[in-house]
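Below, each chain spelled out in residue letters.
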Amino acid sequence: MFLVGQNQVAPRNTIGNVPLEWYKDEEHIGYDLAGKKIKIKERQSKLDSFLASADDSKNWRKIYDDYNEEEVELTKEETKLIRRLLKGKAPHADFDPYAPYADWFAWDGAKHPVSNAPEPKRRFIPSKWESHEESYNPSPEYVPTQEEINSYQLMFEEDRPKFIPKLHTSLRSVPAYEKAVQETFDRCLDLYLCPRVQKKRINIDPESLKPKLPSRKDLKPYPTICYLEYKGHKGPVTTISTESTGQWIASGSKDGTVRIWEVETGRCLQVWDIGETIEEVAWNPLTELPLLAVAAGQDVFILNTGCGSHEQQKTIEELLHVQPQKATDEADTNASIVNWVQDDRHGGIRLKHFKYTRYIFLLFLNLVVRESRSVLIHQLSKRLTQRIPFKTKGIPVSTAFHPTRSIFFTATKKDVCVYDLLKQKLIKKLEAGVREISSIAIHPGGDNAIIGSKDGKLCWFDMDLSSRPYRVLRCHPKDITGVAYHRSYPLFASCSDDCTAYVFHGMVYSDLNQNPLIVPLEILRGHSSADGRGVLDCKFHPRQPWLFTAGADSLIKLYCH
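Residues numbered from 1 in each chain as written. Predicted model: local features only at pLDDT ≥ 70, side-chain atom pairs only at ≥ 80, totals over all residues. Heavy atoms only, no water.

1. Observations regarding the overall build of the protein
Summing up its helical and strand segments, the protein has 6 helices and 33 strands in all. Out of the 561 residues belonging to the protein, those deemed buried represent 39%. For the protein, contacts bridging at least 24 residues in sequence account for 47% of all contacts bridging at least 6. Total accessible area on the protein is roughly 36100 Å²; 52% of this is exposed by carbon and sulfur atoms. (Helix = DSSP H or I, 4+ residues; strand = E, 2+ residues; numbered from the N terminus. Buried < 20%, exposed > 50% of the residue type's maximum accessible area, 1.4 Å probe, protein only. Contact = heavy atoms within 4.5 Å. Areas by Shrake-Rupley, 256 points an atom, 1.4 Å probe, with all protein chains shown as cover.)

2. Points about the environment of P11
Tracing the sequence through the fold places P11 in the segment before β1 (28-31). With 21 residues separating them in the primary sequence, P11 and D32 have C-alpha atoms 8.7 Å apart. When residues no more than four places from it in sequence are discounted, the contact partners of P11 are Y67 and N68.

3. Things to note about the packing of aromatic side chains
Within this structure, the stated rule accounts for 8 aromatic pairs. Taken together, a centroid distance of 6.2 Å and an interplanar angle of 20° make the contact between Y502 and F504 stacked. Overall, the relative accessible area of 16% leaves Y502 in the buried class. Accessibility expressed as a relative area gives 2% for F504, which makes it buried. Among the aromatic residues, those joined into a ring-pair cluster are W460, Y485, F492, Y502 and F504. (Phe/Tyr/Trp six-rings, centres within 6.5 Å; stacked < 30°, edge-to-face > 60°.)

4. Digging into the nonpolar core
Formed by 17 residues in total, the largest nonpolar core has its most connected members in F409, V416, I437 and I440. For this core, the secondary-structure elements that each account for two or more residues are β20 (407-411), β21 (415-420), β23 (437-442), β24 (448-453) and β25 (457-462). (Core = buried A, V, L, I, M, F, W, Y, C linked by side-chain atoms within 4.5 Å.)

5. What about the pattern of salt bridges?
If you walk through the whole model with that rule in mind, you get 12 salt bridges. E431 is the partner of R468 in a salt bridge, and the nearest nitrogen-oxygen pair spans 3.2 Å. With R468 in the loop between β25 and β26 (471-474) and E431 in strand β22 (residues 425-431), this residue pair connects regions lying 37 residues apart in the sequence. Under the relative-accessibility criterion, R468 is labelled partly exposed at 35%. (Salt bridge = Lys/Arg side-chain N within 4 Å of Asp/Glu carboxyl O.)

6. Let's talk about helix α2 (residues 76-86)
All buried positions along α2 are accounted for by E78, T79 and L81. The arc that holds every buried residue of α2, seen down its axis, measures 160°, which confines them to one face. Exposed side chains of α2 directed beyond 90 degrees from the buried face belong to K76, E77 and K80. Looking one or two places after α2, you find G88, whose phi comes out positive at around 80°. (Arc of directions from axis to C-beta.)

7. With respect to the sheet that holds strand β6 (residues 237-242)
One open sheet accounts for 4 strands, arranged β6-β7-β8-β9; its pairing is antiparallel. Two strands lie at the open edges of the sheet, namely β6 and β9 (268-273), each paired on one side alone. Averaged over all pairs of adjacent strands, the angle between their axes in this sheet comes to 15°, without regard to strand direction. Two strands pair when backbone bridges link them, and β6 and strand β7 (residues 248-253) are joined in this way by 5 bridges, in the antiparallel orientation. Each residue of the ladder has a partner; that of T242, found in β7, is I249. (Pairing = 2+ DSSP bridges. Axes fitted to C-alpha atoms, helices over the stretch in contact; angles between N-to-C directions.)

8. Details of the sheet that holds β23
Across the sheet, 4 strands lie side by side as β23-β24-β25-β26; this open sheet has antiparallel pairing. Strands at the two margins of the open sheet, each flanked by one partner only, are β23 and β26. On average, adjacent strands in this sheet sit at an angle of 20° to one another, irrespective of strand direction. Bridging between β25 and β26 involves 4 bridges; their strand directions are antiparallel. Bridge pairing in β26 places C459 opposite V472.

9. Things to note about the pairing of strand β33 (residues 555-560)
When you tally the buried positions in β33, you get 6 out of 6 residues, the bulk of the element. Side-chain alternation along β33 places L555, K557 and Y559 on one buried face and I556, L558 and C560 on a second face that is also buried. Looking at chain direction, strand β32 (residues 547-551) and β33 are connected through 4 bridges and run antiparallel. By the bridge assignment, A550 is partnered in β33 with I556. Counted between consecutive antiparallel strands, the loop separating β32 from β33 contains 3 residues, among which S554 sits at a positive phi close to 65°.

10. Comments concerning the state of the cysteines
Under the defined criterion, the tally for this structure stands at 0 disulfides. For the unlinked cysteine C538, the closest cysteine sulfur is that of C495, found at 3.7 Å. Assessed through its relative accessible area of 0%, C538 is described here as buried. (Disulfide = S-S within 2.5 Å.)

11. Some words on the side chain of N304
Take N304: it is sitting in strand β12 (residues 299-304). The class of N304 is buried, set by a relative accessible area of 15%. At a separation of 3.2 Å, a polar atom in the side chain of N304 contacts the main-chain amide nitrogen of G306. Apart from residues no more than four positions distant in its own chain, N304 is found in contact with Q270, W272, L291, Q313, I316, L320 and G347. (Polar contact = N/O pair within 3.5 Å; in protein donor to acceptor, adjacent residues only side chain to side chain.)

12. Points about the confidence of the model for the protein
If pLDDT is low for a region, its predicted coordinates should not be looked at in detail. A residue-level look at the protein finds 89% of positions with pLDDT of 70 or above and a mean pLDDT of 83. Model confidence for the protein, summarised as mean pLDDT per element, is weakest for strand β15 (residues 359-363) at 47 and strongest for strand β28 (residues 491-496) at 94. The model gives residues 327-331 a pLDDT under 50, and that stretch makes 1 contact with residues more than four places away or in other chains. Low pLDDT, under 50, characterises residues 361-366; the stretch is placed with 26 contacts to residues that sit more than four places away or in other chains. (pLDDT = per-residue confidence, 0-100.)

Spelled out as structure tokens, the structure:
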């Protein structure tokens, strides 16, 4: 890259004077000072760059450095230098192009030339004025005499002039080219002997190049209209979770309350005032134990919802009874990680963590909690806490389990690591190629996954095919806050801060040679923006093709078909 100005920055790419064409088939363009690969970033489309230039008044000063794969903004001094160069002036204003000439060479007594360089090539090429000798009426000094013509015969053949000028009174008296017939014959012979191939022009209809997608009418049912609203929260609803039977839905808000709603009527069954912002709520997938896990601040609460039968309530009360913990040694790692205490105020168990908790995920009475840089699993039946024995490069953003196998997914801001819990090793690493990952969901079949990012991209991964996205959908102009799969219908959805939720048809075939079918179906609107946030979470009904959305406008909406 050519840097203008005095403050030159050392290049980040250390490949040296190597053409970038050598890296056109690679995923990187070179190496930085630490020896790490510099990956090729995805360039903006012309439409996105035009929209960015309309919003940014300083965009005309930005240039893209292909060598270092970064965008550079020119300073005012550098732009002034460029303008002077375009006008043909000196780069610096204080330079005087008409300064008096100072002859530093002493010519007195010089016997040798200043330069002993060989003669340039232009000295041996005929000048333009010498072409006048080929005229039909050249000047008399160019026409040789008979004696000069006779002297040409005594020269060697390579020294003889190739053309002898002749004087003609008019252009009509100029004779024909003597080799014209021979050269015409040779040209016709070449055309006759060369192979002839008839090229057929292919007429392609542009509409035929588009992928043939099924009609949306054939892909019903899917959610299209808002059927019901759940009102009661005083702040933005940050998280929602549906119960396995589909009768109840739980929600958490920034107002510090957790509510349970009846799906079909919208009636609020129960309210817990936690007192802190609710980060995540999750129902127990076991129908016979309707428990609810809540993450708020540094603590996780396991609450008795009271939605089960009388026999189930007895089992839940025994399960949620915690004995006072005895004094343990300082070397006891479990005691240093979390403290299990009885929560009589909310009717359940309170897990006091020593670090900030963000994400919870219930699976068969195992509670997964993501701390600052580690992931914890709590086993409710044994009151046991253990840390996942894997080191993650970066802060975990979201986690998920494989539906049928002992495989665990941990998503950081840049990639997703897939671990085998039984073999305790990394089996795959999914590279999304986005700015920052925000959410992840696993297909019920277990071989596909969707990832949402904060630059509005939705990535579909076919994990049997590649570690790169099979399809990247640029559907949202703002951050994607949540993604979800339906358990039984071929549907998946995404929600964003642009106050919309997109519903897609995603069919996965049992034939491994057939790629998944992805069709956009519907854009669900209805939420309003609050403090720059839109739809914060979305979940499907476990049995019906319905979608629940939680918005920053303190509303929960149910969209039905």
